[in-house]
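# Examining the three-dimensional arrangement
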Amino acid sequence: MELNLTGVTDDDLIKDSDEASFMADVVDASQHTPVIVDFWAPWCGPCKTLGPQLEEAVKAAKGAVKMVKVNADEAQMIMGQLQIQSLPTVYAFFKGQPIDGFQGAVPPSEIKDFIDRVIKASGGEAPDDGLDAAIDAAEEMLGEGAAEDAAQTFAAVLGEDPNNAKAYGGQVRALIAMGELDQAEALLNGAPIEISKAPELEAAHAQLQLARQAADAGPVADLTAAVEAAPDDLQARFDLAQALYANADAQGAVDHLLELFRRDREWNDGAAKTQLFTIFDALKPEDPAVLNGRRKLSSLIFA
């Protein structure tokens, strides 16, 4: 699908519609470019959050999709035809037919995925602004220990897209790797509300918690000896798990926390389980320590 984006304005991309103009604004207009239809109402609280986020995502697509806003209270016939029973409801039309949709408020990341999916389904291509490639490069730098270079790259991405959760979380993790824990915490606390609950920021927060614990972690050798001498010393085992994680042995930390949980799941208000979830949140979901740890913890819980 070829699109002429020259001179495209926000007014061209986003407009209000009603039952009288729905055919022209949606059905006819979607013959060449997919049209996202946002069914909302003045009394709908989630609509007030979703609508602006949807508009930003449509603008970011730079003409690959258009958006039409329909006040559901004034479009009961269309609501009936589409069998819409709750708000907000979003439909994507292409060539006059609905091709995708969702109900309820969703995170910005899911909105972007929805927009990208609609563009692809209609034969188009989402604009490549190079930000994903830059984030991938920054992650590689961070993995190789070049935290300062990674931080600069993440910052550059945020300069282009301040609400990019991947770059925001990456910037926090880069600061943690540089030992700038207070700065990392300040950055987390100042995160835009739109992405404050994003998984990338939750993971960065968990890493910050663990980094602060690491500063107080004792020597691994001493703690290992203490646990071997007194296996029932649960505080020593917990401290050893912290020290192991601080020394990049996540699997060892998880193993000792699982053993602690097995011995006394209620110890210190369930500290072992809480610490395990913090580690799981900080690591990548596909990390073997996470996959095996979650499986073993479930087995212990339901044993």
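Rules of the game
- Residues numbered from 1 in each chain as written.
- Predicted model: local features only at pLDDT ≥ 70, side-chain atom pairs only at ≥ 80, totals over all residues.
- Heavy atoms only, no water.
- Helix = DSSP H or I, 4+ residues; strand = E, 2+ residues; numbered from the N terminus.
- Rg over C-alpha atoms; globule rule 2.2 N^0.38 Å.
- Buried < 20%, exposed > 50% of the residue type's maximum accessible area, 1.4 Å probe, protein only.
- Contact = heavy atoms within 4.5 Å.
- Areas by Shrake-Rupley, 256 points an atom, 1.4 Å probe, with all protein chains shown as cover.
- Pairing = 2+ DSSP bridges.
- Phe/Tyr/Trp six-rings, centres within 6.5 Å; stacked < 30°, edge-to-face > 60°.
- Disulfide = S-S within 2.5 Å.
- Axes fitted to C-alpha atoms, helices over the stretch in contact; angles between N-to-C directions.
- Salt bridge = Lys/Arg side-chain N within 4 Å of Asp/Glu carboxyl O.

The protein appears in an unreviewed UniProt entry as Co-chaperone YbbN from Sulfitobacter pacificus.

Let us look at the overall build of the protein. The helix and strand tally for the protein stands at 15 helices and 5 strands. Taken against the 2.2 N^0.38 rule, which gives 19 Å for 303 residues, the C-alpha radius of gyration of the protein at 25 Å runs more than 25% over that of a compact globule. Seen through its C-alpha atoms, the protein measures out along the principal axes to roughly 80 × 45 × 30 Å. Counting all 303 residues of the protein, 43% fall into the buried class. Taking the intrachain contacts of the protein between residues at least 6 apart in sequence as the baseline, contacts between residues at least 24 apart amount to 63%. Surface summary for the protein: the accessible area is close to 16,000 Å², and the carbon and sulfur share equals 49%.

Counting buried residues in strand β4 (residues 89–94) gives 5 out of 6 residues, a clear majority hidden from the surface. As paired strands, strand β2 (residues 35–40) and β4 are joined by 5 bridges and run antiparallel to one another. Residue V35 lies in a different strand from β4, and its bridge partner there is F93. By the bridge criterion, 6 bridges tie β4 to strand β5 (residues 97–103) in an arrangement that is antiparallel. For F93, the partnering residue across the bridge sits in β5 and is P98.

This part is about the packing of aromatic side chains. Considering all chains together, one arrives at 7 aromatic pairs under this definition. Seen in terms of ring centroids, F238 and W267 are 5.7 Å apart; in terms of plane orientation they differ by 50°. Their pairing is tilted. Here F238, found in helix α12 (residues 234–246), pairs with W267, found in helix α14 (residues 267–282); they are 29 residues apart in sequence, far enough to count as distant. With 6.1 Å between their ring centres and 80° between their planes, F277 and F280 make a pair best called edge-to-face. Of this pair, F277 and F280 are both found in helix α14, 3 residues apart, which corresponds to roughly one turn of the helix. Of the residues examined, F277 reaches a relative accessible area of 32% and is grouped as partly exposed. Through a chain of ring-to-ring contacts, the aromatic side chains of F22, F39, Y91 and F93 assemble into a single cluster.

For the coordinates displayed, the defined rule picks out 1 disulfide. Sulfur-sulfur distance for the disulfide between C44 and C47 comes to 2.2 Å. Its S-S torsion of about 85° marks the bond between C44 and C47 as right-handed, since a negative value means left-handed. Its relative accessible area of 2% is what places C44 among the buried residues.

Moving on to the sheet that holds strand β1 (residues 14–17). Ordered in space as β1-β3-β2-β4-β5, the 5 strands form an open sheet in which the pairing is mixed. Sheet topology places β1 and β5 at the edges, where each strand pairs with a single neighbour. For this sheet, the mean inter-axis angle between neighbouring strands, taken without regard to orientation, is 25°. Sitting on the sheet, helix α3 (residues 45–60) touches β1, β2, β3 (66–71), β4 and β5, and the angle it makes with β3 is about 160°.

What follows concerns the pattern of salt bridges. Side-chain pairing between opposite charges can occur once the charged atoms of the two side chains come close. One pass over the structure, following the stated rule, counts 11 salt bridges. Between K59 and E56 there is a salt bridge, and its shortest N-O distance comes to 3.7 Å. Taken as a pair, K59 and E56 lie in helix α3 at a separation of 3 residues, close to a single helical turn. Linking K112 and D116 is a salt bridge whose minimum nitrogen-to-oxygen distance equals 2.8 Å. A residue pair is termed a helical-turn pair when its members lie 3 or 4 positions apart in one helix, as K112 and D116 do in helix α5 (residues 108–121) at 4 residues. Accessibility expressed as a relative area gives 26% for D116, which makes it partly exposed. Salt bridges linked by common partners bring D232, E259, R262 and R263 together as one network.

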